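Each chain, written out:
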Amino acid sequence: MKAKVHVTLKPGVLDPQGKAIAHALEALGFDGVADVRQGKYIEIDLEDGSGGGAEDRVNEMCEKLLANTVIENYRVEIES
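The numbering scheme is per chain: residues are counted from 1 as the chain's sequence reads. Local features are withheld for residues below a pLDDT of 70 in this predicted model, meaning they are given only at 70 or higher, and side-chain atom pairs are given and counted only at 80 or more; totals for whole chains, interfaces and linings count all residues. Side-chain measures here rest on the full set of heavy atoms in the structure, leaving out hydrogens and waters.

Right, let's talk about the overall build of the protein for a bit. In DSSP terms, a helix is any run of H or I states spanning at least four residues, a strand is any run of E spanning at least two, and both are numbered starting from the N terminus. Scanning the protein for helices and strands turns up 2 helices and 3 strands. In terms of its C-alpha atoms, the protein occupies a principal-axis envelope of roughly 50 × 25 × 15 Å. The cut-offs for exposure are 20% and 50% of the maximum accessible area for each residue type, with area from a 1.4 Å probe on protein chains only; residues under the lower value are buried, those over the upper are exposed, and the others partly exposed. Counting all 80 residues of the protein, 22% fall into the buried class. In this description, contact between two residues means that some pair of their heavy atoms is separated by no more than 4.5 Å. If you take every contact in the protein between residues at least 6 apart in sequence, the share linking residues at least 24 apart comes to 71%.

What follows covers the pattern of salt bridges. Salt bridge, as applied in this entry: a Lys or Arg side-chain nitrogen positioned within 4 Å of an Asp or Glu carboxyl oxygen. Across all of its chains, the model carries 7 salt bridges by this definition. Between Lys2 and Glu43 there is a salt bridge, with the nearest N and O atoms lying 3.3 Å from each other. Of this pair, Lys2 sits in strand 1 (residues 2–9) while Glu43 sits in strand 2 (residues 39–45), placing them 41 residues apart in sequence. Among the residues examined, Lys2 registers a relative accessible area of 26% and is labelled partly exposed. Notably, a salt bridge pairs Glu79 with Lys4, separated by 2.9 Å at the nearest N-O pair. Remark: Lys4 occurs in strand 1 and Glu79 occurs in strand 3 (residues 72–79); sequence separation between them is 75 residues. Here Glu79 falls in the partly exposed class, since its relative accessible area comes to 36%. Three or more residues joined by partner-sharing salt bridges are found here, namely Lys2, Glu43 and Asp45.

Attention shifts here to a nonpolar patch on the surface. For patches, a residue must show more than 30% relative accessible area and have no salt bridge; joins then use 9 Å for like charges and 5 Å for nonpolar side chains, namely Val, Leu, Ile, Met, Phe, Trp and Tyr. Values of accessible area rely on a 1.4 Å probe in the Shrake-Rupley scheme; residue burial ignores everything except the protein chains shown. On the surface, Leu28, Phe30 and Val33 cluster together into a nonpolar patch covering about 310 Å² of accessible area. Take Leu28: it is sitting in the loop between helix 1 (16–27) and strand 2.

Our next topic: the nonpolar core. Within soluble globular proteins, side chains that are nonpolar tend to cluster in buried spots. One finds Ala3, Val5, Val7, Ile44, Leu46, Ala54, Val58, Cys62, Leu66, Ala67 and Val76 forming the largest nonpolar core, which totals 11 residues. Going through the elements one at a time, strand 1 and helix 2 (54–66) are the ones with two or more residues in this core. If one sorts the elements of this core by residue count, helix 2 sits on top with 4 residues. In this structure, Cys62 is in contact with Val5, Ala67, Tyr74 and Val76, ignoring residues within four places of it in sequence. Working definition of a nonpolar core: buried Ala, Val, Leu, Ile, Met, Phe, Trp, Tyr and Cys residues. They are joined through side-chain atoms within 4.5 Å.

This part is about the environment of Gly53. Among the structural elements, Gly53 can be located in the loop between strand 2 and helix 2. Since its relative accessible area comes to 29%, Gly53 is described here as partly exposed.

That is the geometry; function is a separate question.
Below, the structure is given as structure tokens:
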């Protein structure tokens, strides 16, 4: 079983890495990029016995470690 976690900054939170990426893209000749928001993607392999509580456990992982919920949002996908 695999959990996929997408972590992104909340709207309104400054994103200096995103700004740097946008400037680099412009310097490389990629016009038309209005804004870039940078985030994290995390894959977690879970033991098969995790069952129905897998999403709850991954949400708990996000709340305690993987995401700073003051400034970040996260989304969890569970694949069998």
